[in-house]
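Below are the chains, spelled out letter by letter.
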Amino acid sequence: MANSEAEVKFRKDLVGVAKLCYQRRYICGTEGNFSIRMADNLILTTPASSCKGRLEPDELVLTDFDGKTVDSSGRRPSTELAMHLTAYKQRPDVKAIVHAHPTVAVGFTVAGKSLAKCVLPEVVCTLGQIPVAPYATPSTDEVSNSIADLVTKYDALVMDHHGALALGKDIWDAYYKLETLEHHAETMMVAHLLGGVKPLHVSQVEKLLDIVGVYGLKKPACAEALLSPEACTVDGDNN
Ligand SMILES: [Zn+2]
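Since we're looking at a predicted model, the values are computed, not measured.

So, how was this worked out
Residues numbered from 1 in each chain as written. Predicted model: local features only at pLDDT ≥ 70, side-chain atom pairs only at ≥ 80, totals over all residues. Axes fitted to C-alpha atoms, helices over the stretch in contact; angles between N-to-C directions. Helix = DSSP H or I, 4+ residues; strand = E, 2+ residues; numbered from the N terminus. Parallel < 35°, antiparallel > 145°, perpendicular 65-115°, else oblique. Left-handed = near helix turned anticlockwise from the far one by under 90°. Contact = placed C-beta atoms within 7 Å. Nonpolar A, V, L, I, M, F, W, Y, C, P; charged D, E, K, R; others polar. Pairing = 2+ DSSP bridges. Buried ≥ 20, exposed ≤ 12 C-beta atoms within 10 Å, placed from the backbone.

Asker: Even after reading the chapter, I still don't get the packing of helix α1 (residues 5-23) against helix α6 (residues 171-193), so can you show me in this structure?
Answerer: Packed helices, taken two at a time, are described by the angle between their axes plus the distance between the axes. At a minimum axis separation of 9 Å, α1 and α6 run at an interaxial angle of 15°. If you check the angle between α1 and α6, you find them roughly parallel. When the axes of α1 and α6 are compared, the crossing they make is right-handed. Contacts from D13, L14, V17 and L20 of α1 reach α6 at I171, W172 and Y175. The residue makeup of the contact of α1 with α6, split by class, is six nonpolar, no polar and one charged.

Asker: Just checking my understanding: could you explain the sheet that holds strand β3 (residues 61-63) for this structure?
Answerer: Strand pairing in a sheet relies on backbone hydrogen bonds, with the paired strands running either antiparallel or parallel. In spatial order, the strands read β3-β2-β1-β4-β7-β6-β5; together these seven strands make up an open sheet with mixed pairing. Taken across any chain shown, the strands that pair with only one partner, and hence form the sheet edges, are β3 and β5 (132-133). Of the strand pairs in this sheet, strand β6 (residues 156-159) and strand β7 (residues 163-168) are connected by four bridges, and their pairing is antiparallel. When the sheet's bridge partners are listed, L157 is paired in β7 with L165.

Asker: How should the packing of helix α2 (residues 81-90) against helix α5 (residues 141-148) be read in this particular structure?
Answerer: Interaxial distance between α2 and α5 falls to 8 Å at its minimum, and their mutual angle equals 30°. Taken together, the axis directions place α2 and α5 in an arrangement best described as roughly parallel. The way α2 lies across α5 gives a crossing that is right-handed. Across the interface between the two elements, A82, M83, T86, A87 and Q90 of α2 pack against V143, S144, I147 and A148 of α5.

Asker: Honestly, the pairing of β7 in this entry has me stumped. Any pointers?
Answerer: Each regular strand carries side chains that alternate between the two faces of the sheet. The buried count for β7 comes to six of six residues, which makes it a mostly enclosed element. Neither face of β7 is open: one carries G163, L165 and L167, the other A164, A166 and G168, and all of them are buried. Relative to β7, strand β4 (residues 96-100) runs antiparallel, the two sharing five bridges. Residue pairing in the sheet places A100 in a bridge with A164 of β7. The hairpin formed by β6 and β7 contains three residues between the paired strands, and H161 there has a positive phi angle of roughly 50°.

Here it is as structure tokens:
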């Protein structure tokens, strides 16, 4: 049966995002996995053990909401699909998920350094804070358990010694969040190299949270954590 017009577009967009992640080195080899929740909780996702930089739209896999393949391709979905399904089950508003292994963000977890600092206004307004999920053995239930709580509050997170997960209202929205996450990590790395990170002052963060509506955004669910001394500068004048 021919794919619907909507499915053809989903396939094209998913492959486009996967290629971009490969080109930008957010994934290498056969790493990473991507998914879109279509109508009736049907999941369109990337096949296991494939290079996502060379995927064709007809190589994607269709699964049910339990991760079981429902097309006739005989292809297996990624072993990390369970993590996507956990996020979809917690967040009915999420329609697409990107999982990649961006070097700088993951490097922060390898070095044991926090990314949860308010340093860039755009990140404060869009993602809020970037948390780190505890280490979990890849391809086991530990991974789903490690992200289950965080995805209720955050649209983008880093997984300790592993990768990053970004959730969106469509696959491009999820991709842009991944890009913002890695840009935040790169900026933090430069600041560390130049002598240290000086987070925004709490008063500056408060002002940003007051105006997120101007950008058509809602206050991030983690807004309270953004105002903590761990995330921003509380004493002194930071201007
Ligand atoms: Zn991974």
